[in-house]
Amino acid sequence: MTASLNPAAAAAAGFVEKAPLERYRPPAKPSLVGLSRVALAEALAAVGVPPAQRKMRLQQLWHWIYVRGATAFDQMTSVSKELRATLERHFTLARPEVVAEQVSVDGTRKWLLRLPGEGRDAGGHEVESVYIPEADRGTLCVSSQVGCTLTCSFCHTGTQRLVRNLTAGEIVGQIMVARDRLGDWLGAERLRAPGLPTPSLPSPASGGGKGGGRFVSNIVMMGMGEPLYNFEAVRDALQVVADGDGIAISKRRITLSTSGVVPNIARAGAEIGCMLAVSLHAVRDELRSELVPLNRKYPIAELLAACRNYPGLSNARRITFEYVMLKGVNDDLADAKALVQLLKGIPAKINLIPFNPWPDTKYECSDWERIEEFSEIIFNAGYASPVRTPRGRDILAACGQLKSATEKLSARERLALRAMAMTD
Ligand code: SAH
Ligand code: SF4
């Protein structure tokens, strides 16, 4: 926003969208992690792999990177020594740097990751990934931006500046890190994270089971940032993650959460095809515009129309509507009834998220009884409305050990809660 912008025009524009302060600058030796098949083929061409060999080499590399989790070209024993040396000269297999790891007694794990920054942030930026194991699945909550473009009033990320978009490599990298740390690669079982209290980690589901034989079986794009405002990188990353010859997490096991970037909802359906979660949080435009200012640009009716048209929507593929429980703000029982009315005809799940407070917030979490009553109305109307018992509380309490800033502490807490709320 420039100072010259007339206030009436600003009000009509309706909400303030932050512009990224930084652009990612690739290092001299880029990582191959997160490149699409096309980009990887181009990388092979650029280092002189002859056209006739490219397809085969690409398949080999894809397997080593995404099935075996290779961290060095030397490990790629089926690739010729000469090509390994060439790749080593030009590329790396680097993932985001793990700065800290916390493991809860209930098996929840959090990784604090450092990504490159510039200027006053030359020391790097930090984002988090949270892993939540359950009996039949393991869900990883992934970030898409450092900070966020938007300014939702109940969200701590919304009060921070948008620093930059993550690259596809940094998004895929979060899954790579989780699999590295969990020993979740084919053939890596014997290397499985020494020192980690594995008893708290349920066994991966057997081959044909829901988890597909891996610890990380589900992805939720619910970490920091608005994924639909970093559309291309998120799309490209999720295509890599869903590729059946690699990480192979099916699109039905990938859920993208959006605050309601309407034009990109249809694009997400067409170009990604993953499951959708929508941060609704209110049933009236006036209140939703206060909570989620993007609503001034894309009001509830437009948002729900985009949901109704989401490709592939069916009772087996429902949209999840997220609803953060804010005491005295959106938790009137009449709101629960209105919510049910509003969503009529849309194959939906409703996820009630207990509000996670942060310093200086004006909101409070609804009382537990109120959350239960609210949930019951929704349940009686025929919707699943899970409210989850918080996971990983013990490591949240210890968050201060990761970084002293209390700001960060609450951001982490929120992240864990979000992931926790989405593991139904
Ligand atoms: N930007 C996207 C995805 C990340 S936020 C979105 O807004 O959907 C993931 C979920 O956590 C969203 O539903 C968001 O509204 C919710 N959330 C944000 N701050 C929260 C808080 N303090 N307590 C509980 N949920 C919160
Ligand atoms: Fe951004 Fe989502 Fe937070 Fe809104 S709720 S500020 S869109 S991360």
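Residues numbered from 1 in each chain as written. Chains lettered and ligands numbered in written order. Predicted model: local features only at pLDDT ≥ 70, side-chain atom pairs only at ≥ 80, totals over all residues. Heavy atoms only, no water.

**Q** For this particular structure, what's the right way to read the site of ligand 2?
**A** Around ligand 2, the neighbouring residues are Cys148, Leu150, Cys152, Cys155, Gly158, Gly225, Glu226 and Ser259. Residue composition of the shell around ligand 2, by class: 4 nonpolar, 3 polar and 1 charged. (Near = heavy atom within 4 Å. Nonpolar A, V, L, I, M, F, W, Y, C, P; charged D, E, K, R; others polar.)

**Q** Could you clarify how one ought to interpret the layout of surface pockets in this entry?
**A** Which parts of space are left empty comes out when a probe the size of a water molecule is rolled across the atoms. The computed volume of the largest pocket comes to approximately 590 Å³. The wall of the largest pocket is formed by 29 residues, among which Tyr24, Val33, Thr167, Gly169 and Glu170 lie closest to the centre. Taken together, the elements giving at least two residues each to the lining of the largest pocket come down to strand 2 (109–115), helix 5 (168–182) and helix 6 (231–242). A class-by-class count of the residues in the lining of the largest pocket yields 15 nonpolar, 7 polar and 7 charged. (1 Å grid on protein atoms, 1.4 Å probe; cavity = no way out; pocket = protein on both sides within 12 Å on 5 of 7 lines; lining within 4 Å. Points joined across faces, edges and corners; volume = space filled by probe spheres on them. Helix = DSSP H or I, 4+ residues; strand = E, 2+ residues; numbered from the N terminus.)

**Q** Help me understand the pairing of strand 8 (residues 254–258), please; the structure alone is not making it clear to me.
**A** Side chains on a regular strand alternate between the two faces of the sheet. Counted residue by residue, strand 8 has 5 buried out of 5 residues, so it is predominantly covered. What you see with strand 8 is no split at all: Ile254, Leu256 and Thr258 on one side and Thr255 and Ser257 on the other are buried throughout. Across 3 bridges, the pairing between strand 7 (residues 218–221) and strand 8 is parallel. Bridge assignment links Val220 to a residue of strand 8, and that residue is Thr255. As for the winding sense of the linkage, the β-α-β connection from strand 7 through helix 6 to strand 8 is right-handed. Sheet topology places strand 8 next to strand 9 (residues 275–279); 4 bridges connect them, and they run parallel. Pairing of Thr258 across the sheet is with Val278, part of strand 9. Between strand 8 and its parallel partner strand 9, the chain crosses via helix 7 (residues 262–272), and the hand of that crossover is right-handed. (Buried < 20%, exposed > 50% of the residue type's maximum accessible area, 1.4 Å probe, protein only. Pairing = 2+ DSSP bridges. Right-handed = clockwise from strand over helix to strand, strands pointing away.)

**Q** Quick question: what am I supposed to make of the packing of helix 5 against helix 6 here?
**A** Between two packed helices, the angle of one axis relative to the other and the distance separating the axes together describe the packing. Direction vectors running N to C along helix 5 and helix 6 enclose 40°, while the axes themselves pass 8 Å from each other. The angle between helix 5 and helix 6 places the two elements in the oblique class. Two packed elements cross with a definite hand, and for helix 5 against helix 6 that hand is right-handed. Residues Ala168, Ile171, Val172 and Ile175 of helix 5 lie in contact with helix 6, whose contacting residues are Ala233, Val234, Asp236, Ala237, Val240 and Val241. (Axes fitted to C-alpha atoms, helices over the stretch in contact; angles between N-to-C directions. Parallel < 35°, antiparallel > 145°, perpendicular 65-115°, else oblique. Left-handed = near helix turned anticlockwise from the far one by under 90°. Contact = heavy atoms within 4.5 Å.)

**Q** How should the packing of helix 2 (residues 37–46) against helix 3 (residues 51–66) be read in this particular structure?
**A** Orientation of helix 2 relative to helix 3, taken along the N-to-C sense of each, is 115°, at an axis distance of 10 Å. The crossing of helix 2 and helix 3 is right-handed. In this structure, helix 2 uses Arg37, Leu40, Ala41, Leu44 and Ala45 to contact helix 3, whose residues at the interface are Arg54, Arg57, Leu58, Gln59, Leu61 and Trp62. In the contact of helix 2 with helix 3, the residues fall into 7 nonpolar, 1 polar and 3 charged.

Everything listed here is a matter of geometry and, on its own, says nothing about what the molecule does.
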